[in-house]
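# Results of the structural survey
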Amino acid sequence: MTFPLFPGSGPSGPDAGAPTCSAKACRDAAVWVLAWNNPKLHTPQRRKTWLACEEHREHLSRFLGVRGFLKDVVKLDEWVQPEGSDRA
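The structure displayed is predicted, hence computed values, not measured ones. (Residues numbered from 1 in each chain as written. Predicted model: local features only at pLDDT ≥ 70, side-chain atom pairs only at ≥ 80, totals over all residues. Heavy atoms only, no water.)

## Here's the deal with the packing of aromatic side chains
For the record, the criterion: Any pair of Phe, Tyr and Trp rings, taking the six-membered ring for Trp, is counted once the centres come within 6.5 Å. Such a pair is stacked with planes under 30 degrees apart, edge-to-face with planes over 60 apart, and tilted for the rest. The secondary structure listing takes helices from DSSP runs of H or I that are at least 4 residues long and strands from runs of E that are at least 2 residues long, numbered from the N terminus. Three exposure classes are used, based on accessible area relative to the maximum for each residue type with a 1.4 Å probe and protein chains only: buried under 20%, partly exposed in between, and exposed over 50%. When the NZ atom of lysine or the CZ atom of arginine is within 6 Å of a ring's centre and also within 35 degrees of its normal, the charge is said to sit over that ring.
Overall, the coordinates contain three aromatic pairs when judged by the stated rule. With a centroid separation of 5.9 Å and an interplanar angle of 20°, the aromatic rings of Trp-36 and Phe-69 are classed as stacked. With Trp-36 in strand 1 (residues 32-36) and Phe-69 in the loop between helix 1 (57-66) and strand 3 (70-75), this pair connects stretches of sequence that are 33 residues apart. Of the two residues examined, Trp-36 and Phe-69, each falls in the buried class. Between Arg-67 and the ring centre of Phe-63, over which it is positioned, the NZ or CZ distance is 3.6 Å.

## Some words on the nonpolar core
Rules: Buried Ala, Val, Leu, Ile, Met, Phe, Trp, Tyr and Cys residues that are joined via side-chain atoms within 4.5 Å together make up what is termed a nonpolar core. Any two residues whose heavy atoms approach within 4.5 Å are treated as being in contact.
One finds Cys-21, Ala-23, Cys-26, Trp-32, Leu-34, Trp-36, Ala-52, Cys-53, Leu-60, Leu-64 and Phe-69 forming the largest nonpolar core, which totals 11 residues. For this core, the element with the most residues is strand 1, which contributes three residues. For Leu-64, the contacting residues outside a window of four places in its chain are Leu-34, Trp-36, Trp-50, Phe-69 and Leu-70. Ala-35, Leu-51, Val-74 and Trp-79 belong to the second-largest nonpolar core, a separate cluster that totals seven residues.

Function-wise, these values are silent; they only describe arrangement.
Following this line, the structure appears as structure tokens:
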């Protein structure tokens, strides 16, 4: 299975193409997609994405949620990029 490139997906290590967690300094495999947008900057349908490992999912979700940016949390293997989103 191939994955689209996401912010935080690093080109290093044995799984060079595998997406990694977006948390600072974390290089664990991504399991979750956190879809978000900043309503002051983005149209309502636009979704930007962060990736999260199991350990950082709650922390990153809280960070986005407190700001009112978090729109959805979906397993990486179930993620379907909506039209008008940041990446294909």
